[in-house]
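# Close look at the chain arrangement
Given next are the chains, with one letter for each unit.
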Amino acid sequence: FGAMAGSVSRVFAALAPASDFIYRDENESGRGDRRPTPRQPIPGREVQVTGSAELSAPPDRARLNLWVSSRKESVTDVKNSVSRRLDYILQVTRQHGVKEENVTVTKDIRRVENAYHMEVEVCVIFSDFVKMQNVSNLLVEKLDSSVTVCTPVFYHTTESLEKLSERRQVCLVAVENARHKAREVCRMVGQAVGRPLLIKEEDTKEWQGQTEETAEPEQHAGQQRIGSATVFVTSSVFISFEIKPKEKGRKKT
């Protein structure tokens, strides 16, 4: 799965005017130096940010259906006519590395008036979409109109959908995006991010198919079908972080 950071929604930071440091009195320390001592985080000093993330899962399988039909006066002739085309289809799938368990053949024969009509459906499952397109193109090119090569159907296996259904993953990405945003804001004003005071998931959505924002007008038909079968999950969070003074590095003695 892929992850994309959302755009900046809103940022609110509150800085108290008080000094970030307190100083020890010379009499208290017993020494002539006045070294600053970090003050504990001041209540009410916080930075509020939103973060969002989107994960998408394109389909991982394609189903290509083919129909072979023939009509002859005798059963033998109709079977021979269909078998020649069926054998060629199965040969092409084997040559492209398709395993037998991913090919299903269903045969149907019936009488129509004084002739025999036979139809064979071949269902081929692909995990390699380029290979699927090559097989489809070759069969369209080599076989006549008695063979129908259907439009491929893209879908998800159960395993891929189970991975995407874990919305906590996209929520965690959104939280990390919000933390990064807060860190950059505090760095800009010379402060540091402290512990989170509030974490709230404001919205989560899941849908299938491209939106107007994600669709590409110049996509090819195959890419559009893959996009239409892609599942998207989004999450947006609101987090309030404590602001603390930025600690200066100690010099080595």
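The rules behind these values
Sequence order as written defines the numbering, with residues in each chain counted from 1. Only residues with pLDDT of at least 70 get local features here, since the model is predicted, and only at 80 or more are side-chain atom pairs given and counted; chain-wide, interface and lining totals rely on the full set of residues. Heavy atoms throughout the structure, all of them, feed into the side-chain values; hydrogens and water do not. UniProt positions are given in the numbering used here, feature names are shortened, and annotations may be inferred rather than shown by experiment. Labels follow the DSSP assignment, with helices taken as runs of H or I lasting at least four residues and strands as runs of E lasting at least two, numbered in each case from the N terminus. Throughout, a residue-residue contact means that at least one pair of heavy atoms, one from each residue, lies within 4.5 Å. Method for areas: the Shrake-Rupley scheme with a 1.4 Å probe, in which residue coverage is limited to the protein chains shown. Categorising residues by exposure relies on relative accessible area from a 1.4 Å probe, with only protein chains included: less than 20% of the type maximum marks a residue as buried, more than 50% marks it as exposed, and the intermediate range marks it as partly exposed. In this analysis, the expected span of each helix is defined as 1.5 Å times one less than the number of residues it contains.

- By the naming in an unreviewed UniProt entry, the protein is Interleukin-1 receptor-associated kinase 1 binding protein 1, taken from Lepisosteus oculatus.
- The UniProt entry for the protein carries the following text under Sequence similarities (unreviewed entry): "Belongs to the IRAK1BP1 family."

### Regarding the overall build of the protein
- If you tally the helices and strands in the protein, you get 6 helices and 12 strands.
- Put simply, of all contacts in the protein between residues at least 6 apart along the chain, 80% involve residues at least 24 apart.
- Surface summary for the protein: the accessible area is close to 16,400 Å², and the carbon and sulfur share equals 48%.

### Examining the side chain of Thr234
- Position of Thr234 relative to the elements: it lies in strand E12 (residues 231-245).
- Take Thr234: its relative accessible area is 15%, and that puts it in the buried class.
- Sequence-distant contacts of Thr234, that is, excluding residues within four places in its chain, are made with Ala53, Glu54, Val170, Asp203, Thr204, Lys205 and Trp207.

### Remarks on helix H2 (residues 75-95)
- Helix length check: H2 (21 residues) gives 30 Å between terminal C-alpha atoms against 30 Å at 1.5 Å per residue, within 8%.
- Listing the buried residues of H2 in full gives Val78, Ser81, Val82, Arg85, Leu86, Ile89, Leu90, Val92 and Thr93.
- Along its buried surface, H2 packs onto strand E6 (61-72), strand E7 (103-112), strand E8 (115-126), helix H3 (129-142) and strand E9 (147-149).
- Where H2 ends, the next residue or the one after it, Gly97, has phi of about 80 degrees, a positive value.

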